[in-house]
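Tertiary structure, described
Read off the chains here:
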Amino acid sequence: MVQIPKQPVPSSPAPPAVPTSADVARLAGVSRATVSYVLNNTTAVRISEPTRRRVHEAAKELGYVPHAAARSLRAGHSRMVLMPSPNVPAGPLYSQFLSELQWALSRLDYTVVQYGGIGLHRGEAARAWAELRPVAVIVPGGDLGPEGVHVLKRSGARAVVTLGPERVEGAHALLLDHDGVGHSAGVHLLDRGRRRVGVVMPEEPGLEFFSRPRLEGVRRALRGADATVTELPLAYEEGSAVRLAARWRSLGLDAVFAYNDEYAMLLMRALQDEGVDIPRETAVVGADDLVLGRLLRPRLSTVHIELPSGRHLAELVDRAVRDPGGVPEVHEVFGARIVHRESS
């Protein structure tokens, strides 16, 4: 019997040593303090441009990047701004706002981190965010209470900012007036002679936070005008729109505020397939003023929404980080105006 000798298991090559600021300093011929000043963009110390260039070239050659945790330890706080992802689909308007906010915060030397904590609510969510030790948290929607603000501040967050229709005790607030969006649509339809108005209520979980105030805004606009408001549950899927369109004439409606442009386009296509004339039989109004709405025939009337400026929100975060003991600021930032096109 021939025995096959065991082959030695090849050892994995040791990972290369992580370059340090001392390595950069040696290669650039400067002190470690100079490396720190240059790579952290410190303006309090005057450093010549050739020296700065030498440090950057050495860091690039070695593949060195500053250690964020160490820098946070020295500063006493991180530069991370945590923004929990909303538990509802984010449309084009919100995505544009988020991009502007990230750019504005990066100009102020902050980093925006989106947190996708699906299924976390209230205190549970706040504790999960606090574990990451952000310097600021920007919370869209209404999933934060005073106890959550307390948890975040105890963990070191210097600024907590909410984006929603109501303020939360202890937090800075940008108040978003969804009632005003519905009110603008309702006033417009009333002015166009419509008196039997349907209001789309998305069936997707979480959207009632926005749709309920918009419904109340329509009701407020039609109050005292001998007009009716009918809630229309609608899922964002073609089958749901087809079923609603099939019974449309039995509802006796002469107008619909469809929550936003995306639901308006979905429903409008189904109504047209059903032979409903728009706007002669039914006027249709959306919200958000998306480009696609202008490409429809008839072109979609809509409520143009002015979201808060990403630059202004970034400046609010920076002020709060610099002065964490200041009185929480409250700003009303949701401008809404009707854009009248052929669908109404």
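All figures in this text were calculated on a predicted structure; none of them were measured in a lab. (Residues numbered from 1 in each chain as written. Predicted model: local features only at pLDDT ≥ 70, side-chain atom pairs only at ≥ 80, totals over all residues. Heavy atoms only, no water.)

Side note on the packing of aromatic side chains
The tally for this structure, following the rule as stated, stands at three aromatic pairs. Seen in terms of ring centroids, Phe 209 and Phe 210 are 5.2 Å apart; in terms of plane orientation they differ by 85°. Their pairing is edge-to-face. Members of the aromatic cluster, joined through ring pairs, are Tyr 236, Tyr 259 and Tyr 263. The lysine or arginine in question, Arg 79, covers the ring of Tyr 110, its NZ or CZ lying 3.9 Å from the ring centre. (Phe/Tyr/Trp six-rings, centres within 6.5 Å; stacked < 30°, edge-to-face > 60°. Lys NZ or Arg CZ within 6 Å of the ring centre and 35° of its normal.)

Looking at the sheet that holds strand β10 (residues 301–306)
Spatial ordering of the open sheet is given by β7-β6-β8-β9-β10-β12, a layout of six strands whose pairing is mixed. Of all strands in the sheet, those bounded by a partner on one side alone are β7 (228–234) and β12 (335–339). Each strand axis lies, on average, 20° off the axis of its neighbour in the sheet, ignoring direction. Bridge analysis of strand β6 (residues 196–202) against β7 gives seven bridges, and the strand direction is parallel. (Pairing = 2+ DSSP bridges. Helix = DSSP H or I, 4+ residues; strand = E, 2+ residues; numbered from the N terminus. Axes fitted to C-alpha atoms, helices over the stretch in contact; angles between N-to-C directions.)

Regarding the confidence of the model for the chain
For the chain, per-residue confidence averages 86 on the pLDDT scale, and residues scoring 70 or more make up 86% of the total. When pLDDT is averaged over each element of the chain, strand β8 (residues 255–257) comes out on top at 98 and helix α4 (residues 68–75) at the bottom at 53. (pLDDT = per-residue confidence, 0-100.)

Let's talk about the pattern of salt bridges
For the structure on display, the rule yields 15 salt bridges. With its nearest N and O atoms 2.4 Å apart, the salt bridge here joins Asp 23 to Arg 26. In this pair, Asp 23 and Arg 26 are both assigned in helix α1 (residues 21–28), three residues apart and thus about one turn of the helix distant. Between Arg 212 and Glu 231 there is a salt bridge, with its nearest N and O atoms 3.2 Å apart. Of this pair, Arg 212 sits in helix α9 (residues 208–222) while Glu 231 sits in strand β7, and the two are 19 residues apart along the sequence. (Salt bridge = Lys/Arg side-chain N within 4 Å of Asp/Glu carboxyl O.)

Considering the packing of α1 against helix α3 (residues 49–62)
Where α1 contacts α3, the axes come no closer than 9 Å and their chain directions differ by 125°. In terms of axis orientation, α1 runs oblique to α3. Judged by the sense of rotation from one axis to the other, the crossing of α1 with α3 is right-handed. Along the contact surface, α1 presents Asp 23, Val 24, Leu 27 and Ala 28, while α3 presents Arg 54, Val 55, Ala 58, Ala 59, Glu 61 and Leu 62. The residue inventory of the contact of α1 with α3, partitioned by class, reads seven nonpolar, no polar and three charged. (Parallel < 35°, antiparallel > 145°, perpendicular 65-115°, else oblique. Left-handed = near helix turned anticlockwise from the far one by under 90°. Contact = heavy atoms within 4.5 Å. Nonpolar A, V, L, I, M, F, W, Y, C, P; charged D, E, K, R; others polar.)

Side note on the nonpolar core
In this structure, Met 83, Ile 138, Leu 313 and Val 317 are the most contacted members of the largest nonpolar core, which totals 44 residues. When residues in this core are grouped by element, the largest group, seven residues, is from helix α5 (residues 92–107). Once residues within four sequence positions are removed from consideration, Met 83 is found in contact with Tyr 94, Phe 97, Leu 98, Leu 101, Val 112, Val 113, Gln 114, Tyr 115, Ile 138 and Leu 163. Judged by nonpolar contacts, the second largest core, of 25 residues, contains Leu 232, Leu 271, Val 276 and Val 284. (Core = buried A, V, L, I, M, F, W, Y, C linked by side-chain atoms within 4.5 Å. Buried < 20%, exposed > 50% of the residue type's maximum accessible area, 1.4 Å probe, protein only.)

Here's the deal with unusual backbone geometry
For the bond from Ile 278 to Pro 279, the omega torsion is 15°, close enough to zero to count as cis. Topologically, Pro 279 is positioned in the loop between α12 (261–273) and β9 (283–287). Across the junction of Arg 297 and Pro 298, the peptide omega takes the value 0°, indicating a cis bond. By the secondary structure assignment, Pro 298 is in the loop between α13 (291–295) and β10. Look at Asp 288: it is not a glycine, yet its phi comes out positive at around 115°. Mapped onto the secondary structure, Asp 288 falls in the loop between β9 and α13. Classification of Asp 288 by relative accessible area gives buried; the value is 12%. In the Ramachandran plot, Asp 289 falls in the positive-phi region, its phi being about 60° despite a non-glycine side chain. On the secondary structure map, Asp 289 appears in the loop between β9 and α13.

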